[in-house]
Structure formats: C-alpha cells, structure tokens
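As a plain string of letters, each chain reads:
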Amino acid sequence: MKKIIRKPSYDLGTRPFMIIWEVTQACDLACKHCRAEAVPHHHPKALNLDQGKKLLRDVKEFGDPRPIVVFTGGDPFKRHDLFELLTYGKELGLAMAISPSGTPLLSEDNLRRVKASGVKALSLSIDGPDAKIHDAFRGVPGSFDLTEKGWEAANELGLKVQINTTVTKHNMHLLPDIFTLLTKRKVMTWSVFFLVSVGRGKALHDISPEEYEAVMHFLYDCSKYLSIKTTEGHQFKRIVTERAILEKHNDTTYLDNVPSPYKTLRNALSNIVLQGQLRARAGIRRTPLHINAGKGFVFISHLGNVQPSGFLPLVAGNIKEKSLREIYQSSSLFQSLRNEKLLHGACGCCEFNSVCGGSRSRAYAESGQALADDSSCVYQPGSFPYQSDLINYGLQ
C-alpha cells in the first residue's frame, strides 16, 4: 500500500535532504521569536567567503540527489558577498533557496540578482494578516508592506515563494485570516512554524498541547487547498496519517474529540472557502516529507557550527575543522537522533514515531534531553482506532 508520508528514496544516514546555512546573524528586524537573536551587524568571525565556498563544495560531495541548500540568517541580504556565494553554488550545480527579511533590502533589484545567481525559490515571513499584527511581532514598522511587495515582485520574476508563519498565542486565532491572505497571491507552500523556547522565543507564550492538536487538524483542512508543511510541529505527520485513514472509513466522529479551538478554526475556514468559492482537491495537496533534526535536516551556524537544527543548540562539529559530510554521517549526536528506538517516554513507544519522532528541539529546550518526550503532543500511543490500517502502512 502507498505510504501517506513521503520519505526520500535514499538513506538519510548518508546524506541530508535539506541544509540550512545561517550565512549571517545580522538583520535589521527585531523579531520577538528570533532564534538567532539577530543583531544589526555581521559577526567578524562568521564564515568568510573561502570558508563558505568550501562548505558548498562539501554539500556537493554528498552526491546526487544533492541536498537543498537554504541561505538564511539573520537576513542573507546583510552579507556583502551573498551573490558571489550563490553564483558559486550555481556553478557547483546545487539547488538553492533563500530566506530574506522584510526590510528595504527585499527589493526587486536584489530579487533579480538572486534569480540570476541560480536561486529558484525563497521564503518570506507573514505572522499576521495585516501590518498592525505582523509589524508588532517583527519589531519594525513597515515590514509587512515590504514583505508583500517582495512577494509580488518574486512572483513576477518567476521565483517560487514559500510563506512562513510562526504560531504563538498572539496569532493562533488569526490563522484563518492568514490563510485568506495566501489565497490571494501565488504561493508554493505555507510553512507553519511552532515555537521552541530558544533565543528571544524564551520570552513568548507557546500555545497549549491541546491547541497544537487543534491547529494541526486545521492545517490538514487547509492542505486540501494549498501545500502545507510544519517546522517543529512533527505531529502534523501523525495527523495527516490519521485523517487519511479516517476519510477512507468515512469516519467523522473521531474529530468530535479534537480540542475545541479546532471547531472555531474549522468554521472560519468553511466561511472563507464558501465566500472565496475555493475548490478542494480530493486528497491532500502534497503530503508531508518525513525529515527531522539530524535525520535529513542539518543546520550550519554563521560561525560554522554543525547542528541538527537551528532550534537545537547542540554542536556536532565545525566545518572549519571537518567536512560536513563526515560530521553528518559519523557524529554520535546525529546517529542517535536518527534512531527512533532511542526515544524516551511516549515518543519512544508511539506507533507513529517512524514518521513523526516529535520535536527534538522542543524536547531539549524543556528537559535538556534531545531524546525526551515532545510535550506539545497530546496523543496517547495505541489510542487510534484503526490500528490495522497503520500496520498496512508499515507504521507498526
């Protein structure tokens, strides 16, 4: 039987699917949740041009299919040699994307140079449906308007656009309005981030585990209309699996037990669909890909530190001292994260752990143990009523 959650065809122990490179910590925004705790100026000890090129050659050494490289920050546009690095990556044949900030640097001219340098896609952040909400979260007036203009310019240039939204207490109820905004302009994917208490995010209030569950089910409903993926919300893959099986059995009663915020979000979505005359596909718009911290995913800090995730501040090595390939394949940290049998508590005995695995970043932030439970998940292992279907999908 076809698996519901996509997995790369190659061994994730030998090569990652995605590499996030924090090319600089510098940024002109002051976002409340900033993992990088960005500052206005580029760090003097950040990877220089030659070291950056060496890192890109390391990526090429993984072989085909080569990992996707995302240039992030801070704001990548704050790095003076950004376009030289992008061009070098293009010459190496790498697939590259970029994640700029909503500042005046997000100009049509810079986006043209990005495309000319070989970039095919970029991600922009929208954390509220209007300037008042978004700008308050980003800490700088005008960021929302600049992001919208950059989004429009990118569409006109033929760049694929992913929209990132971080869910917190301040905007959870506004997710349907953000969905509406996304239906009005071309978007490749809506990537919904869930809070991890690192960096400035330590000062924010996360939503409750019950609200996580409600939001995940809402996102599944949204995925009938546009492509959805989650960051540090790995239980979405469990919910996609559950919902696909429930739909096969025409079972809607299971949703009666989803925490109450879901009904509010679902009703708002229904109104949006009705008013906008949106047409749902029979199945989910592009099923999630199962990668996790250290398992198909790797983060390189601006100083060259290799981490399983930008939200998981454990360092496996530095690319100034070892090749990225050696660190990724041989690090005991990465090897442990790739083995779901080592997970503790409910995550360890959950029948969905081979496609979910929980947020290792959140587990570490809350317990100091990267293999501990993900406290944001309310699921009780073994409670899903169609266990035989899970066996058919290879989940037990």
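Now for a description of the structure that goes with this document.

What counts and what doesn't
Every residue gets a number counted from 1 within its own chain, in the order that chain's sequence is written. pLDDT decides what is reported in this predicted model: residues at 70 or higher carry local features, side-chain atom pairs at 80 or more are listed and counted, and totals for whole chains, interfaces and linings draw on all residues regardless. As a convention, hydrogens and water are excluded, and side-chain values are obtained from all of the structure's heavy atoms. Two aromatic rings, drawn from Phe, Tyr or Trp (for Trp, its six-membered ring), form a pair once their centres lie within 6.5 Å of each other, and the interplanar angle then sorts them: stacked below 30 degrees, edge-to-face above 60, tilted otherwise. Only DSSP runs of H or I covering at least 4 residues are called helices, and only runs of E covering at least 2 are called strands; the numbering of each starts at the N terminus. The cut-offs for exposure are 20% and 50% of the maximum accessible area for each residue type, with area from a 1.4 Å probe on protein chains only; residues under the lower value are buried, those over the upper are exposed, and the others partly exposed. In this scheme, Lys NZ or Arg CZ marks a charge over a ring once it lies within 6 Å of the ring centre and within 35 degrees of the ring normal. Here, a strand pair is defined by DSSP locating no fewer than two bridges between the strands. The arc in question is formed by the directions pointing from the helix axis toward the C-beta atoms. Contacts are assigned to residue pairs that have any heavy atoms within 4.5 Å of one another. Side-chain atoms alone can form a polar contact between residues adjacent in sequence; in general such a contact is a pair of N or O atoms within 3.5 Å, and within protein one must be able to donate a hydrogen while the other accepts it. Only the stretch in contact is used when fitting a helix axis, every axis being a line fitted to C-alpha atoms; angles between N-to-C directions are given from 0 to 180 degrees. Any angle that falls under 35 degrees is termed roughly parallel, while one over 145 is termed roughly antiparallel, one within 65 to 115 roughly perpendicular, and all others oblique. Should the near helix be turned anticlockwise from the far one by less than a right angle, the crossing is termed left-handed; should it be turned clockwise, right-handed. Definition used for salt bridges: Asp or Glu carboxyl oxygen within 4 Å of a side-chain nitrogen of Lys or Arg. The handedness of a crossover follows from its direction of travel: if, with the strands pointing away from the viewer, the path from the first strand over the helix to the second runs clockwise, the crossover is right-handed. Nonpolar residues are Ala, Val, Leu, Ile, Met, Phe, Trp, Tyr, Cys and Pro. Charged residues are Asp, Glu, Lys and Arg, and all others, Gly as well, are polar. Among the buried residues, those of types Ala, Val, Leu, Ile, Met, Phe, Trp, Tyr and Cys that are joined through side-chain atoms within 4.5 Å form a nonpolar core.

1. Some thoughts on the packing of aromatic side chains
Tallying each qualifying case throughout the model produces 10 aromatic pairs. Between Trp21 and Phe71, the aromatic rings sit 5.4 Å apart at their centres with planes inclined by 50°, giving tilted as the arrangement. In this pair, Trp21 is assigned in strand S1 (residues 18-22) and Phe71 in strand S2 (residues 68-72), connecting sequence segments 50 residues apart. Just as Trp21 is buried, Phe71 falls in that class too. Through a chain of ring-to-ring contacts, the aromatic side chains of Tyr254, Phe352, Tyr379, Phe384 and Tyr386 assemble into a single cluster. The side chain of Arg15 reaches across the aromatic face of Tyr10, ending 5.3 Å from its centre.

2. Topic: the environment of Ser191
With respect to the helices and strands, Ser191 occurs in strand S6 (residues 189-194). Its relative accessible area of 1% is what places Ser191 among the buried residues. Remark: the alpha-carbon pair of Ser191 and Gln162, spanning 29 residues in sequence, is separated by 6.8 Å.

3. Thoughts on the pairing of S1
Regular strands show a simple pattern: their side chains alternate between the two faces of the sheet. Of all 5 residues in S1, 5 are buried; the element is thus mostly enclosed. The alternating pattern of S1 places Met18, Ile20 and Glu22 on one face and Ile19 and Trp21 on the opposite face, and all of these are buried. Alignment of S1 against S2, held across 5 bridges, turns out to be parallel. Directly across from Ile19, in S2, lies its bridge partner Val69. Sheet topology note: the S1/strand S9 (residues 296-300) ladder contains 4 bridges and is parallel. Across the sheet, Ile19 pairs through a bridge with Val298, a residue of S9.

4. Topic: helix H4 (residues 131-138)
Listed as buried for H4 are His134, Asp135, Phe137 and Arg138. Seen end-on, H4 carries its buried residues on one side only, within an arc spanning 160°. Against strand S4 (121-125), helix H5 (143-157) and strand S5 (160-167) lie the buried residues of H4. For H4, the N-terminal cap is Asp130; the gap from its side-chain oxygen to the backbone nitrogen of Lys132 is 3.3 Å. Directly beyond the C-terminal end of H4, a positive phi value near 85° is found at Gly139.

5. Notes on the packing of helix H3 (residues 108-116) against H5
Where H3 contacts H5, the axes come no closer than 10 Å and their chain directions differ by 40°. In this view, H3 runs oblique relative to H5, as classed from their interaxial angle. Here H3 and H5 pass one another in a crossing that is right-handed. Residues Glu108, Leu111, Arg112 and Lys115 of H3 form the contact with H5, whose participating residues are Gly150, Ala153, Ala154 and Leu157.

6. A closer look at the pattern of salt bridges
Per the counting criterion, the structure on display carries 16 salt bridges. In this structure, Lys53 engages Glu84 in a salt bridge whose closest nitrogen and oxygen atoms are separated by 3.5 Å. Taken together, the residues Lys53 in helix H1 (residues 49-60) and Glu84 in helix H2 (residues 82-91) connect sequence positions 31 residues apart. Here Arg243 makes a salt bridge to Asp221, at a shortest N to O gap of 2.7 Å. Pair noted here: Arg243 is in helix H8 (residues 235-248) and Asp221 is in helix H7 (residues 209-222), with a separation of 22 residues, a long-range link. An identical accessibility class is assigned to Arg243 and Asp221; each is buried.

7. Some remarks on the pairing of strand S3 (residues 95-98)
With 4 bridges connecting them, S2 and S3 associate as parallel partners. Each residue of the ladder has a partner; that of Ile68, found in S3, is Ala95. This β-α-β element, S2 to H2 to S3, shows right-handed connectivity. With 2 bridges joining them, S3 and S4 adopt parallel strand pairing. For Ile98, the partnering residue across the bridge sits in S4 and is Leu122. Crossover handedness for the path S3 to H3 to S4: right-handed.

8. Let's talk about the packing of H7 against helix H9 (residues 261-276)
Packing of H7 against H9 leaves a shortest axis separation of 8 Å and a crossing angle of 25°. Classified by the angle their axes make, H7 and H9 are roughly parallel. In terms of crossing hand, the pair formed by H7 and H9 is right-handed. Counting all contacts with H7, which are made through Glu211, Ala214, Val215, His217, Phe218, Asp221 and Cys222, the residues of H9 involved are Pro261, Tyr262, Leu265, Arg266 and Leu269. Here the residues of the contact of H7 with H9 sort into 8 nonpolar, 1 polar and 3 charged.

9. Let's talk about the nonpolar core
Within the largest apolar cluster, 109 residues are counted, with the highest numbers of intra-cluster contacts made by Phe71, Trp190 and Leu324. Broken down by element, the residue count for this core peaks at 8 residues, all from H7. Every residue in contact with Leu324, bar those within four places of it in the chain, is listed here: Ile19, Leu55, Asp58, Val59, Phe62, Val298, Ile300, Val306 and Ile319.

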